[in-house]
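Survey of secondary and tertiary structure
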Amino acid sequence: MSLGLPDGITACLFDLDGVLTSTAVLHRHAWRSTFDEFLVPRGERPFTESDYVKYVDGRPRYDGVRTFLASRDITVPEGDPGDPPDLDTVHGIGNRKNDLLEEIIRKEGVSPYPGSVRYVEAAEKAGLKIAVVTSSANAEKVLEAADLTRHVTALVDGNVITRDRLHGKPAPDSFVAGARLLGVPVEQAAVFEDALAGVEAGKAGHFGFVVGVDRAGQAEALREKGADVVVEDLAELL
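Described in the following lines is the structure provided in the data block. Computed from a predicted model, the values in this text were never measured in an experiment. (Residues numbered from 1 in each chain as written. Predicted model: local features only at pLDDT ≥ 70, side-chain atom pairs only at ≥ 80, totals over all residues. Heavy atoms only, no water.)

As enumerated under the stated definition, the model contains 16 salt bridges in all. Arginine 42 is the partner of aspartate 88 in a salt bridge, and the nearest nitrogen-oxygen pair spans 2.7 Å. Of this pair, aspartate 88 sits in the loop between helix H3 (61–71) and helix H4 (90–108) while arginine 42 sits in the loop between helix H1 (23–39) and helix H2 (49–56); the two residues are 46 residues apart in sequence, bridging distant segments of the chain. For arginine 42, a relative accessible area of 43% translates into the label partly exposed. With a shortest N-O distance of 2.8 Å, aspartate 88 and arginine 96 are connected by a salt bridge. According to the relative accessible area criterion, aspartate 88 is partly exposed, its value standing at 29%. Each of the salt bridges in this network shares a partner with another, and the network as a whole consists of Asp15, Lys169 and Glu193. (Salt bridge = Lys/Arg side-chain N within 4 Å of Asp/Glu carboxyl O. Helix = DSSP H or I, 4+ residues; strand = E, 2+ residues; numbered from the N terminus. Buried < 20%, exposed > 50% of the residue type's maximum accessible area, 1.4 Å probe, protein only.)

With that settled, consider the packing of aromatic side chains. Applying the stated rule across the entire model yields 8 aromatic pairs. Site record: aromatic cluster; members linked through ring pairs are Trp31, Phe35, Phe47 and Phe68. Just above the ring of tyrosine 62 sits the side chain of arginine 61; from NZ or CZ to the centre is 5.3 Å. Over the ring of tyrosine 113 we find arginine 215; its NZ or CZ atom is 3.5 Å from the centre of that ring. (Phe/Tyr/Trp six-rings, centres within 6.5 Å; stacked < 30°, edge-to-face > 60°. Lys NZ or Arg CZ within 6 Å of the ring centre and 35° of its normal.)

On to helix H9 (residues 196–204). Among all positions in H9, only Leu196, Ala197, Gly198, Val199, Ala201 and Gly202 are buried. At the C-terminal side of H9, histidine 206 shows a positive phi close to 60 degrees.

Read these as spatial facts, not as claims about activity.
Shown next, in the form of structure tokens:
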């Protein structure tokens, strides 16, 4: 084992929010505020942590809106990506969340996990290829703010997912695209994910190894979705 990975692994595909940076917490806050603003005036139950984990975490933004609203049997028009954030459409709600997230990031900044930085640097030094695969459309800004851009050879983010019409996590398409950009077969790539949907995507794509990163006390659920190993911090693999 090298870097806690099986022999034959030549590339690392890292999710961003919650794996490399602490921005998953910011996403969670933005989603809660956005959905509560929509739900509470309608007499609906507020958005919960369980809702976030089951229906939103790791999914592309508009898929998260669709999946969560469907769980509450709420139907709104689809709209289109240019919808203003005050419009109660799938795209309008998603855009409202994104505007709020960008505001939070501007105010609070972005912090990478020190253990993740150490791991990425060690992987790079060992000659492994590195890609970031995330459903977020803000990945470039987050990577730059966290000073991680210099380590990343390939990026598949929410913009690429939309542009190339990829199916979002839990489908494996985005991870497969990341491996392809690195020129590596999926069997030689390791997936690093904190979201249940992301771990499920790694398993479904038959990747060589799936690392579950437990930031929310859901180690057993990560294993059930297909994680080969679960850690609380990537430094544990060093």
